[in-house]
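Below, each chain spelled out in residue letters.
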Amino acid sequence: MNRTLTLGLASLCIAFLPQTVQGEERSSRGRPGPDLNSITTALEAHNLLATEAARGREIKLRGVVTYSDVHQDRRRAFFFLHDASGSIFVTLPSESVPIPPGTLVSVKGQSALGDYAPIISHPQVEEIGHAPLPALAPSVSLTRLLTGEEDGQWVEVEGVVRSVYEDDFNVLIQLAMRDGVLSVTLPRKLSSNYKGLVDSRVKIHGNAAPMFNGDRQMIGARLFTPDTPQIEIIEPGPANPFEVPARQVGMLSRFNPMSSLPRRVHVQGRVTLMWPRSLLCVQDATHGICAQTTLTTPIALGTVADVVGFVETVGSVPSLTDAVFKAAQRAHGEAPKLATPSRVDAETALQSSFGSELIEVDAELIGRNPAAADTTLILSSGGFVFEAILPRSLDGDASKALRIGSRLRVTGICSIQIDDQRSARQGGPAARKSFRILMRSPGDVLLLSAPSWWTPSHTLIVLTAILTATLLVLGWVIVLTGKLRRQKGLIQDSEEQFRHLAQHDSLTGLPTRALLRDRLTIAIERARRSQTGIGLLMLDLDRFKQINDSLGHHAGDQALKVSARRICQSVRASDTVARISGDEFIVLITDLNDPKEVELVAAKIVSTLSAPFRVGNREVPLSASVGVCMAFGDALEADSLMKMADTAMYHAKARGRNCFQIYSADMDQATKTYQRLRSGLERALAANEFEIHYQPLVDFKTRELTGFEALLRWRSQELGLVMPTEFIPVAEESGLIVSIGEWVLRQACHEIGLLETQLGRRFLLAVNLSPRQIQQFGLPEMVSRCLEESRRDPESIELEITESILMNDSSSTQNSLIEMRGMGVRLAIDDFGVGFSSLSYITRFSIDRIKIDRSFVMKCMTEDTSLAVIRAMVAMAHGLSMTVVAEGVETAEEFHFLGFEGCDTAQGYYLSRPVPAAELIPLVHRLDDWAGTQTLTAKAV
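Residues numbered from 1 in each chain as written. Predicted model: local features only at pLDDT ≥ 70, side-chain atom pairs only at ≥ 80, totals over all residues. Heavy atoms only, no water.

An unreviewed UniProt entry lists the protein chain under the name Diguanylate cyclase (GGDEF)-like protein, from Granulicella aggregans.

Structure representation (structure tokens):
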């Protein structure tokens, strides 16, 4: 039947599809005509050029679904749509529900480039009803399908089912046609016996589809059939293939005028090779044959076996594919009989008719093929090179012990390869190209003789090795001599480098203390000879620890490098600048004639270092305290000069920093006093030499005692009573103020707590914080611990800070103040008016009150300027909801005057001197009595 007639009948069938629709009949009257740009037939859509298909042309079709699948292609679901003109491939989203074959649908979509031919994408599918699948289809060959002209079309193929493979969703049938093997796919149904189709002659209807590569090129063909009803069994296969009469191997593939489509054949012979799940070879009286099989059933060599499979004519002799086998029944007590191999040479094995038969060949092992999946030995015999192969699962490591050059006797099945090009050019039997031996086990390799080690190649290797070793020794001697020469140079360079590193600071590159001492000794000797003097300047960076703590060590390192550079720029090239410790530098000035020269250098260094430096986008202040000493003649002595410069530097710090101080003899006494105070302070806490005195705080209006300020006193066993003005600066400088301040807060909370318990009333406790304390990490935690230990309300504690602390811009200081304020602790500014304050800082930290410095209080009644300042402070404080404490009130006139000016709280000697904790109760009673007297006097007035 030709293509035209078939399409006509198919069109006739599709034309009657609307009459078979199950459901409501739809009238076509009044339906608008199709869009002139729309494609309305499957044939027109399928035959679009690639450029047209890629434009996304609109397609409107109506037809029957002939195949649908949601599992075959992981990228998407799809179905084939058939109308009167032909069929086309339609894609669906991967999560789509399959449309049953035989469903009549209306599809509206766009053209697109498929993997091979144009398809319909992004479809809108409307199920209309049901219709029968096309009953007629053109019968095609595999050759026709491979042309691609039947792509997507409903066709009929005929052949013999060679094999059936089932997975979870689909069944794959290999169909042997007259011109090749075609793969057929259909949906799997659990109730169907697909294995029963094997060896059956069938006709199958389905949609032809290409097999393609990534470049949209066709490389094969396949068929999709919707179900087993589309498979017509013309001639069923035998129920038991082993009941088919066995044929002699030598008679296979001979001329038969009655030949038809290939069917399975049955042969019987003794097993000569068994590779599980791969290959089985048998040999009967006429010839040997090998069969490809997937069975793993063990069968012993020499056993008579029945083998059923399809004949394939690839190679020098026929073989079987898709084979199954079983051991033939044998007489009781009959044992397997191994076939005797034919002993031949390589030439005979290649040229004679030993294909698929057991042979035995003597050969020399000349190599191995490491890239092969199986153990592959490369052998040579009589000028012929061939391979002996054994699966790795059967070999293990047995063949690895064989050395190249060994003489072997190899037994196995002879497999001969044909030279297709020579066979096509010449007549007669097929030309043979090479052969291989398929071994059964490691025992098929017999070692006849091991190779002699002294082969020509080995002798050449030994001679080459000796010559190479000699050349290497000579070369090594030359290289070693050069290395020793270079090593000596490197050692010398390293010694110089290590000497430089040992004598110079790694951060600034300046000389260290050791190199400074050497240069100072040399300078002293030269000064004695030349009757000149030397000057020594010791510098210490001011508040360097604060830079490190607030901005980090990177900023501290930058400060040291900037300082070193500025100092070097301020002195002569002949002078020495050294870094002797963390933030201390020494300048050695030689050939000194006039002492004023040293003073000029010191002033220049102080001025140069006082300029701020930048850390990122921030300017950081920098300054130094400089101690200066000079010596002439016999007074020159290194240790003394260093000590005098150090003493002068500490006096420069005591003067307020950012200055220089020239050493004088009376400084030694001050230094000794400083050292005595510092050593005494280090023992004071442990020796319990500190005590706290309390000065009362009295309300101006009510005359009521509201609290106390805790003031530290030191009663040293060695020095006697030391006043705060003497020891507080030393404690601050040495850092001892941190531990002393914590003791003061804890002890004051304890002592005032006892007073409150005895009197049954609450008092405000004011405690001073030093700048060193506020910079210390963990201050809020320390305050919180003291409050918890004394069970004191945070609002009953007032921490007094100076204006300089408030103005500190470091994040750690600000965070500590904010955190303590958040705890409920009160904050007060002590000695207000003598420093620099900012209203923004005062409001940021919610200051509770300010304490007017006593320098203003003592002059308030005699100087108008002091009175004006006090009035401004009171007005500002009250405007910011803060209270005002007047410090240093010493007379009744000052008390009444300051109360009249609006001050809230008084503190001073008029009310009481600071007293120890033991005298607090009498002090409270005296102030209560005084308050009562003051109240009565006020009422009388």
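Now, onward.
Moving on to the overall build of the protein chain. In terms of regular secondary structure, the protein chain is built from 25 helices and 40 strands. Over its C-alpha trace the protein chain gives a radius of gyration of 55 Å, far above what one expects of a compact globule, namely 30 Å for 941 residues. If you line up the protein chain on its principal axes, its C-alpha atoms span 150 × 100 × 65 Å. Residue burial in the protein chain is summarised as follows: out of 941 residues, 45% are buried. Taking the intrachain contacts of the protein chain between residues at least 6 apart in sequence as the baseline, contacts between residues at least 24 apart amount to 64%. Here the protein chain displays about 48,100 Å² of accessible surface, and carbon together with sulfur accounts for 54% of that area. Taken together, the 96 basic and 108 acidic charged side chains of the protein chain have centroids lying 7 Å from each other. (Helix = DSSP H or I, 4+ residues; strand = E, 2+ residues; numbered from the N terminus. Rg over C-alpha atoms; globule rule 2.2 N^0.38 Å. Buried < 20%, exposed > 50% of the residue type's maximum accessible area, 1.4 Å probe, protein only. Contact = heavy atoms within 4.5 Å. Areas by Shrake-Rupley, 256 points an atom, 1.4 Å probe, with all protein chains shown as cover. Lys, Arg positive; Asp, Glu negative; His and termini not counted. Charge placed at Lys NZ, Arg CZ, Asp CG, Glu CD.)

Once that is clear, we can look at helix α16 (residues 737-759). Under the 1.5 Å per step criterion, the end-to-end length of α16 is 32 Å for 23 residues, consistent within 8% with the ideal 33 Å. Two residues or fewer after α16 comes G760, characterised by a positive phi angle close to 70°. (Expected span 1.5 Å × (residues − 1).)

The next thing to look at is the pairing of strand β25 (residues 576-579). Side chains T576 and A578 of β25 all project onto a buried face; the interleaved residues V577 and R579 project onto the opposite face, where all are buried too. Across four bridges, the pairing between β25 and strand β26 (residues 584-592) is antiparallel. Bridge assignment links V577 to a residue of β26, and that residue is V587. (Pairing = 2+ DSSP bridges.)

Another point: the sheet that holds strand β30 (residues 660-662). An order of β25-β26-β24-β29-β30 is seen for the five strands of this open sheet, with the pairing classed as mixed. Unpaired on one side and paired on the other, β25 and β30 mark the two borders of the sheet. Strand-to-strand twist of the sheet, defined as the mean angle between neighbouring strand axes without regard to direction, takes the value 20°. Across the face of the sheet, helix α9 (residues 513-530) comes into contact with β24 (533-541), β25 and β26 while running at roughly 20° to β26. (Axes fitted to C-alpha atoms, helices over the stretch in contact; angles between N-to-C directions.)

Before going further, it helps to examine the packing of helix α11 (residues 553-570) against helix α12 (residues 595-609). At a closest axis distance of 9 Å, the pairing of α11 and α12 adopts a crossing angle of 145°. Relative to α12, α11 is oriented so that their crossing is right-handed. Of the residues in α12, those in contact with S563, R566, I567, Q569 and S570 of α11 are V601, K604, I605, T608 and L609. Residues of the contact of α11 with α12, tallied by class, amount to four nonpolar, four polar and two charged. (Left-handed = near helix turned anticlockwise from the far one by under 90°. Nonpolar A, V, L, I, M, F, W, Y, C, P; charged D, E, K, R; others polar.)

The strand order around the closed barrel formed by five strands is β12-β13-β14-β16-β15, and the pairing between neighbours is mixed. Within the sheet, the average angular offset between the axes of one strand and its neighbour, ignoring direction, is 55°.

Another aspect to go through is the state of the cysteines. One pass over the full model with this rule turns up one disulfide. Sulfur-sulfur distance for the disulfide between C281 and C290 comes to 2.0 Å. With the S-S dihedral at roughly 100°, the linkage between C281 and C290 falls on the right-handed side. For the residue pair C281 and C290, the accessibility class agrees, reading buried in each case. (Disulfide = S-S within 2.5 Å.)

Attention now goes to the packing of α16 against helix α18 (residues 779-790). It is the contact of α16 with α18, at a shortest axis distance of 9 Å, that shows an interaxial angle of 20°. The angle between α16 and α18 falls in the class roughly parallel. Read as a crossing pair, α16 and α18 show a hand that is right-handed. Together, E742, L745, R746 and C749 of α16 and M782, V783, R785, C786, E789 and S790 of α18 make up the contact between the two elements. Looking at the contact of α16 with α18 residue by residue, the class counts come to five nonpolar, one polar and four charged. (Parallel < 35°, antiparallel > 145°, perpendicular 65-115°, else oblique.)

Quick look at unusual backbone geometry now. Of note, the phi angle at R277 is positive, near 60°, even though the residue is not glycine. Mapping R277 onto the fold places it in the loop between β12 (264-275) and β13 (279-283). A relative accessible area of 57% means that R277 is categorised as exposed. With a phi angle near 60°, S881 is a residue other than glycine that sits in the positive phi range. Structurally, S881 is set in the loop between α23 (864-879) and β38 (883-887).

The next point concerns the packing of aromatic side chains. All chains considered together, the criterion is met by 18 aromatic pairs. On the basis of an interplanar angle of 70° and a centroid distance of 5.7 Å, the ring pair of F78 and F224 is categorised as edge-to-face. Note that F78 is positioned in strand β2 (residues 77-82) and F224 in strand β10 (residues 218-224), a separation of 146 residues in sequence. Overall, F224 belongs to the buried group, its relative accessible area being 5%. Taking 5.5 Å as the distance between ring centres and 40° as the angle between the ring planes, the aromatic pair formed by F895 and Y910 counts as tilted. In this pair, F895 sits in helix α24 (residues 892-900) while Y910 sits in the loop between β39 (905-907) and β40 (915-916), placing the two residues 15 residues apart along the sequence. (Phe/Tyr/Trp six-rings, centres within 6.5 Å; stacked < 30°, edge-to-face > 60°.)

Glancing now at the pairing of strand β3 (residues 87-92). Within β3, six of the six residues are buried, leaving the element largely enclosed by the surrounding structure. Bridging between β2 and β3 involves six bridges; their strand directions are antiparallel. Residue pairing across strands places F80 opposite F89, the latter belonging to β3. Counting the residues between successive antiparallel strands, the hairpin from β2 to β3 contains four residues, one of them, G86, with a positive phi of roughly 155°.

One can find E127 in strand β5 (residues 118-130). By relative accessible area, which is 51% here, E127 ends up exposed. Taking C-alpha positions, E127 is 14 Å from S68, a pair spaced 59 residues apart along the chain. If we ignore the near neighbours within four places in the chain, the residues touching E127 are I99, T103, L104 and V105.

What follows covers a nonpolar patch on the surface. Together, W476, V479, L480 and L484 line one region of the surface with nonpolar side chains, adding up to about 380 Å² of accessible area. When you line up the elements, L484 lands in helix α8 (residues 456-503). On the basis of relative accessibility, which here comes to 54%, the residue L484 falls in the exposed class. (Patch = residues over 30% accessible without salt bridge, like charges linked within 9 Å, V, L, I, M, F, W, Y side chains within 5 Å. Salt bridge = Lys/Arg side-chain N within 4 Å of Asp/Glu carboxyl O.)

In the predicted model, the protein chain carries a mean pLDDT of 85, and the fraction of residues at 70 or more is 92%. Here helix α1 (residues 3-15) stands out as the element of the protein chain with the lowest mean pLDDT, 36, in contrast to β39, whose mean of 95 is the highest. (pLDDT = per-residue confidence, 0-100.)

Let us look at the pattern of salt bridges. Counted under the stated rule, the structure contains 45 salt bridges. Residue R263 is joined to D199 by a salt bridge in which the shortest nitrogen-to-oxygen separation is 3.3 Å. Of the two residues, R263 sits in the loop between β11 (231-235) and β12 while D199 sits in the loop between β8 (180-187) and β9 (201-212), which places them 64 residues apart along the sequence. Using a relative accessible area of 22% as the deciding quantity, one classes R263 as partly exposed. Salt bridges sharing common partners tie together D73, R75, R76 and D115.

The next thing to look at is α18. Compared with the 16 Å implied by 1.5 Å per residue over twelve residues, the 17 Å span of α18 between its first and last C-alpha is a close match. R791 sits one or two residues past α18 and shows a positive phi near 55°.

Glancing now at the side chain of S912. Here S912 shows up in the loop between β39 and β40. Given the relative accessible area of 6%, S912 is considered buried. When sequence neighbours within four positions are dropped, the list of residues in contact with S912 reads Q695, P696, L923 and R926.

Along the chain, M820 turns up in helix α20 (residues 811-823). By relative accessible area, M820 is classed as buried at 0%. C-alpha separation for the pair M820 and V783, spaced 37 residues apart in sequence, amounts to 8.0 Å. Sequence-distant contacts of M820, that is, excluding residues within four places in its chain, are made with L769, I774, L779, P780, V783, L799 and V825.

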